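If you want the building blocks of each chain, they are given just below.
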Amino acid sequence: MPAPVELPHPERSELTLGAVLFALSDPERLAIAQQLHDGPLDMAACHLSDPNVPKSTKSHLMKVLREAGVIRNEPNGRGRLLTLRREDLDARFPGLLDTILDAAEHPGGA
């Protein structure tokens, strides 16, 4: 069996505000980030609002989040473990992640 593929992740210093905001501007990608708010999840356990979305689309959503530095996507046995890069995002853009996730959770500003 081949070794799990390590995917490239940007370094903390390479994270850009534009890329992070773009990654979180899509409702499905934002929903994935919200699911990771409480801790890491196996990629298979992450769900989209439409269960009929093709696997390739889900993979693309994960790729955009990973390349923007919002999540880590690492091998975990036969699956992949997704983790929100909270520490890196908070270091680069203090308060941004919490502000976006809170606004998404309370759209009317409650």
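Predicted model, so just to flag it, every value in this text is computed and none were measured.

S.K.: So what's going on with the pattern of salt bridges? Which residues, and what values?
M.R.: It is possible for side chains of opposite charge to pair when their charged atoms get near one another. Under the defined criterion, the tally for this structure stands at 6 salt bridges. The residue Arg12 makes a salt bridge to Glu87 at a minimum N-O spacing of 3.5 Å. Placement of Arg12 in the segment before α1 (17-25) and of Glu87 in helix α4 (residues 86-92) is noted, with a sequence separation of 75 residues between them. Residues Arg12 and Asp88 are paired through a salt bridge, measuring 2.8 Å at the closest nitrogen-oxygen approach. Linking Arg12 in the segment before α1 with Asp88 in helix α4, this pair joins segments that are 76 residues apart in sequence. One network of salt bridges, in which partners are shared, links Arg12, Arg85, Glu87 and Asp88.

Reading the values: the criteria
- Residues numbered from 1 in each chain as written.
- Predicted model: local features only at pLDDT ≥ 70, side-chain atom pairs only at ≥ 80, totals over all residues.
- Heavy atoms only, no water.
- Salt bridge = Lys/Arg side-chain N within 4 Å of Asp/Glu carboxyl O.
- Helix = DSSP H or I, 4+ residues; strand = E, 2+ residues; numbered from the N terminus.

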